[in-house]
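Okay, here's what each chain looks like letter by letter:
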Amino acid sequence: MRRKQLLQLKIFLMMHPYNLLELDTAAPNEPEARILIIYTGGTFGMGVDKHGSLKPFDFSEILHEIPSLRSFNLIIKVLAFEKPVDSSDINLGHWIEMGQIIEYYYDRFDGFVILHGTDTMAYSASALSFMLDNLTKPVIFTGAQLPVTAPRTDAGDNLVTAIEIASERNEGGKPVVSEVCIYFNHHLIRGNRAQKVESMHFDAFESANYPPLAKAGVEIDYSYQFIQSFGGEGVLHVANKLDGNVTFLKLFPGISENVVKSMLVSPDLKGVVLETFGSGNAPMARWFLDAVSKAVGNGLLIYNVSQCLGGKVLQGRYETSLALKDTGVISGKDITSEAAITKIMYLLGVEKRMDSIRNKLELSLKGELSE
Ligand code: ASP
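Residues numbered from 1 in each chain as written. Predicted model: local features only at pLDDT ≥ 70, side-chain atom pairs only at ≥ 80, totals over all residues. Heavy atoms only, no water.

## Points about the nonpolar core
Working step 1: Counting 57 residues, the largest nonpolar core has I102 and F141 as the members making the most contacts within it.
Working step 2: The element that contributes the greatest number of residues to this core is helix α9 (residues 337–350), accounting for 8 residues.
Working step 3: Counting residues in hydrophobic clusters, the runner-up holds 40 residues, among them V78, Y210, A214 and A216. (Core = buried A, V, L, I, M, F, W, Y, C linked by side-chain atoms within 4.5 Å. Buried < 20%, exposed > 50% of the residue type's maximum accessible area, 1.4 Å probe, protein only. Helix = DSSP H or I, 4+ residues; strand = E, 2+ residues; numbered from the N terminus.)

## Thoughts on the pattern of salt bridges
Working step 1: Tallied over the full model, the rule gives 13 salt bridges.
Working step 2: The salt bridge partner of D243 is K270, with a shortest N-O separation of 2.5 Å. Of this pair, D243 sits in the loop between β15 (237–238) and β16 (246–250) while K270 sits in the loop between α6 (257–264) and β17 (271–276), and the two are 27 residues apart along the sequence.
Working step 3: The buried category is assigned to D243, whose relative accessible area is 11%.
Working step 4: On the basis of relative accessibility, which here comes to 33%, the residue K270 falls in the partly exposed class.
Working step 5: Of the charged contacts, one joins E368 and K343 as a salt bridge, the two residues approaching to 2.7 Å between their closest N and O atoms. Residue E368 is found in the segment after α10 (354–362), and its partner K343 is found in helix α9; the two are separated by 25 residues along the sequence. The exposure classification of E368 matches that of K343, with both residues buried. (Salt bridge = Lys/Arg side-chain N within 4 Å of Asp/Glu carboxyl O.)

## Brief notes about the packing of α6 against helix α7 (residues 286–297)
Working step 1: Close contact between α6 and α7 brings their axes to 10 Å; oriented N to C, the two are set at 5°. With respect to α7, the element α6 is oriented roughly parallel. Together, E257, V260, K261 and L264 of α6 and W287, F288, A291, V292 and A295 of α7 make up the contact between the two elements.
Working step 2: Considering only residue class, the contact of α6 with α7 consists of 7 nonpolar, no polar and 2 charged. (Axes fitted to C-alpha atoms, helices over the stretch in contact; angles between N-to-C directions. Parallel < 35°, antiparallel > 145°, perpendicular 65-115°, else oblique. Contact = heavy atoms within 4.5 Å. Nonpolar A, V, L, I, M, F, W, Y, C, P; charged D, E, K, R; others polar.)

## So, the sheet that holds strand β2 (residues 33–39)
Working step 1: Strand order in the open sheet formed by 9 strands is β1-β5-β2-β6-β8-β9-β10-β13-β14, with mixed pairing between adjacent strands. Across the chains shown, the open sheet's two edge strands, defined by having one partner strand only, are β1 (20–22) and β14 (220–222). The sheet shows a mean angle of 25° between the axes of neighbouring strands, taken without regard to direction.
Working step 2: Bridge analysis of strand β13 (residues 214–216) against β14 gives 3 bridges, and the strand direction is antiparallel. What sits directly across from A214, in β14, is Y222.
Working step 3: Its contacts with the sheet place helix α4 (residues 121–131) against β8 (139–142) and β9 (180–184), and it is angled at close to 155° to β9. (Pairing = 2+ DSSP bridges.)

Here is the structure:
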């Protein structure tokens, strides 16, 4: 790690004095791996008080709630955010905090499990996938639809299996997974392919355009052909700048000219994820195309992402998308909206040149789209 980076991290840690809580596992002399759980908040850790309202859970009670954690031949430590957050309150600062924690503890742990609320987990996993460059260790997000203290909770299975995946090595001693992923309801999926699709049942996440990386049943069945490593030879580098001057513009029949025009000229706006119909189609109305074309001409990045869960944007397949292509709108192919918006935030934070950003938006950086 470069000296300047180390200094920045030291200052960060001084400002955030985390206590690591070590779980009383099988107390191994030769642990199979060292795992850091980063507890950010969400339903997972919410307890219920005597009036039936949700209240944050004291993580030192975790072994009481999930006793099977004791049997792991692992060293497991927990770092809890000072104030657990409902994931609706997650912001860019939290993503940078998660990245810096991973960077600071990277050499001391073999894998990382991030406990996070489900509502915005797909955004956080996408953001981290872009921010962690040269990642060679597993970063597995998980959470729960019911608090860990609830009788029918999914928290135990999600956490236990996420830890198992984060500690899994192949015969050569290398991690089986070294991507940012989400493990939930028996499925491991690439983080930047995930979307929350369900709020009441346990199958909260889907990866419509990329197969699951593993399924957990009696055994954890890895689909090795779909697991990728995006880490190179270099050391881990964590982006610590993101640009939040971005927004979504979701199209619908009858969308008003005034709304579109005023949105596209918002001061400081630098990037728009344009949520289009079908395979990337939009209205042909002159006022709409003129507004888009003018915005692109003024340097606004407009990224075409389909409102359909599955399939992809094919600009030029229909006249209604050819017109967008001609205005300079960039095709997001089969990227999710969550990955699209965080990718723009990341690129605006790290890249200076617009042509380079436009180029990278078309390419897969961390497996987020199929080229
Ligand atoms: N509102 C919660 C959150 O996202 C929901 C959950 O964790 O499932 O923080």
